[in-house]
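Structure assessment
Here is what each chain is made of, one letter per residue.
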Amino acid sequence: MAKEIERKFLVKPRNWSELGPWLKIRQGYLCTAVERTVRVRTYGEHGYVTIKGKTSGISRDEYDYEIPFGDATEILDHLCLQPLIEKTRYRIPFKGHTFEVDEFTGANRGLTIAEVELDSPDEKIELPDWIDRDVSDDPRYFNSNLAQKPFSTWEESN
């Protein structure tokens, strides 16, 4: 069984494109139940379907499969819940880990989140100075929830 263990952070404002290469991501959800999510994503020129189990702490079961890019695009355009998640991802190595910084556009414009995958839930990591605060336990920042209640609809008290 595959396991995803990740922490999620808000970040301080900066020009992310100066820190590394980027890829455009479009993703949408076929299912957003608390017990499971089913996501379709285009990542650069690749397509994926991902099934995730219920989150427990910062861990959850995850199954990720590559599918044809054209199929992924059609599913996103015709079958996924709207709005889609659109973002630019920057992969930034730091002290033995790679932080994936997602700068959201579309309905979630103005939100930037960094995620880092871990080997265990209690793994200690050093954080870059551009990290603002940990939001790993705040479900509002889960992509599946951002698809249902985009950042642009939140009140000013984020």
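In case you missed it, the structure is sitting above this.
Residues numbered from 1 in each chain as written. Predicted model: local features only at pLDDT ≥ 70, side-chain atom pairs only at ≥ 80, totals over all residues. Heavy atoms only, no water.

**Details of the overall build of the chain**
The following threshold applies: Helix numbers and strand numbers start at the N terminus; a helix is a DSSP run of H or I with at least 4 residues, a strand a run of E with at least 2. The atom set for the radius of gyration is the C-alpha atoms, and the globule formula is 2.2 Å times the number of residues raised to the power 0.38. Residues are treated as being in contact if the distance between any of their heavy atoms lies within 4.5 Å. Per-residue accessibility takes into account occlusion by the displayed protein chains alone, with areas from the Shrake-Rupley method and a 1.4 Å probe. Just so you know, the count uses Lys and Arg for positive and Asp and Glu for negative, and it drops His and the chain ends. A charge is said to be at NZ when it belongs to Lys, at CZ for Arg, at CG for Asp and at CD for Glu.
A tally of helices and strands in the chain yields two helices and nine strands. Beginning at the N terminus, the succession of helices and strands in the chain can be written as β-β-β-β-β-α-β-β-β-β-α. Relative to the compact-globule value of 15 Å for 158 residues, the chain shows a C-alpha radius of gyration of 15 Å, a close match. Seen through its principal axes, the chain has C-alpha atoms that stretch 40 × 35 × 30 Å. In the chain, once contacts between residues fewer than 6 apart in sequence are set aside, the share between residues at least 24 apart is 59%. Accessible surface for the chain amounts to roughly 8700 Å². Of this, 50% is attributable to carbon and sulfur atoms. Between the centroid of the 22 positive side chains of the chain and the centroid of its 29 negative side chains there is a distance of 3 Å.

**Remarks on the packing of aromatic side chains**
Filter applied, for reference: Stacked, edge-to-face and tilted are the three classes for Phe, Tyr and Trp ring pairs, Trp counted by its six-membered ring, which pair at centre distances within 6.5 Å; planes under 30 degrees apart are stacked, over 60 edge-to-face, the rest tilted. Partly exposed residues are those whose accessible area sits between 20% and 50% of the maximum for their type, while under 20% is buried and over 50% is exposed, using a 1.4 Å probe and protein chains only. A positively charged side chain is recorded as over a ring if its NZ (Lys) or CZ (Arg) lies within 6 Å of the ring centre. The angle to the ring normal must also be within 35 degrees.
Tallied over the entire structure, the rule returns five aromatic pairs. For the ring pair Trp 16 and Trp 130, a centre distance of 5.0 Å and an interplane angle of 80° mean the geometry is edge-to-face. Placement of the pair is Trp 16 in the loop between β1 (3-11) and β2 (22-33) and Trp 130 in the loop between β8 (112-117) and β9 (131-134), with a sequence separation of 114 residues. Residue class for Trp 16 comes out buried when judged on its relative accessible area of 2%. Here Phe 94 and Phe 99 contribute two aromatic rings whose centre-to-centre distance is 6.3 Å and whose plane-to-plane angle is 70°, an arrangement assigned as edge-to-face. In this structure, Arg 14 is placed above the aromatic ring of Trp 16, and the distance from its NZ or CZ to the ring centre is 5.5 Å. One residue, Lys 24, lies across the ring of Trp 22, its end atom 5.5 Å from the ring centre.

**Quick word on the side chain of Gln 27**
Short version of the rule: Identification of polar contacts relies on pairs of N or O atoms within 3.5 Å, with a donor-acceptor requirement for protein atoms, meaning one able to donate a hydrogen and the other able to accept it, and with residues adjacent in sequence counted only if both atoms are side-chain atoms.
Its place among the elements puts Gln 27 in strand β2. Residue classification places Gln 27 among the buried residues on the basis of a relative accessible area of 0%. A distance of 3.1 Å separates a polar atom in the side chain of Gln 27 from a polar atom in the side chain of Tyr 29. Not counting chain neighbours up to four residues away, the residues in contact with Gln 27 comprise Arg 39, Val 40, Arg 41, Leu 76, Leu 84, Ile 85, Lys 87 and Asn 143.

**What about the layout of surface pockets?**
The following threshold applies: Grid points spaced at 1 Å over the protein atoms alone were grouped into cavities, where a 1.4 Å probe fits but cannot get out, and pockets, open sets with protein on both sides within 12 Å along at least five of seven lines, with lining residues defined by an atom within 4 Å of a point. Grid points are joined across faces, edges and corners, and a volume is the space filled by probe spheres set on the points. Polar here means any residue other than Ala, Val, Leu, Ile, Met, Phe, Trp, Tyr, Cys and Pro, which are nonpolar, and Asp, Glu, Lys and Arg, which are charged; Gly is therefore polar.
Approximately 550 Å³ is the volume found for the largest pocket. Around the largest pocket, the lining comprises 29 residues; the ones closest to its centre are Glu 4, Glu 6, Lys 52, Glu 115 and Glu 117. At the level of secondary structure, the elements contributing two or more residues to the lining of the largest pocket comprise β1, β3 (36-43), β4 (46-53), β5 (59-67), β6 (85-94), β7 (97-104), β8 and α2 (143-148). Class assignment of the residues belonging to the lining of the largest pocket gives a composition of six nonpolar, nine polar and 14 charged. Along the wall of the second largest pocket there are 14 residues; nearest its centre are Ala 33, Val 34, Thr 55, Phe 142 and Asn 145. When residues of the lining of the second largest pocket are traced back to their parent elements, those giving at least two are β2, β3, β4 and α2. Tallied by class, the residues present in the lining of the second largest pocket amount to four nonpolar, six polar and four charged.

**Section: the nonpolar core**
One recurring pattern in soluble globular proteins: nonpolar side chains tend to sit buried together. Rule in force here: We define the nonpolar core as a collection of buried residues of types Ala, Val, Leu, Ile, Met, Phe, Trp, Tyr and Cys that are connected through side-chain atoms lying within 4.5 Å of one another.
Of all hydrophobic cores here, the largest spans 15 residues; its most connected members are Trp 16, Phe 99, Val 101, Trp 130 and Ile 131. Contributing elements (two or more residues each) for this core: β1, β6, β7 and β8. By residue number, the principal contributor to this core is β1, which donates three residues. Leave out the neighbours within four places in its chain, and Trp 130 touches Val 11, Lys 12, Arg 14, Trp 16, Ile 92, Phe 99, Val 101 and Ala 114. Ranked by size, the runner-up nonpolar core spans 12 residues in total, among them Tyr 29, Phe 104, Leu 111 and Ala 147.

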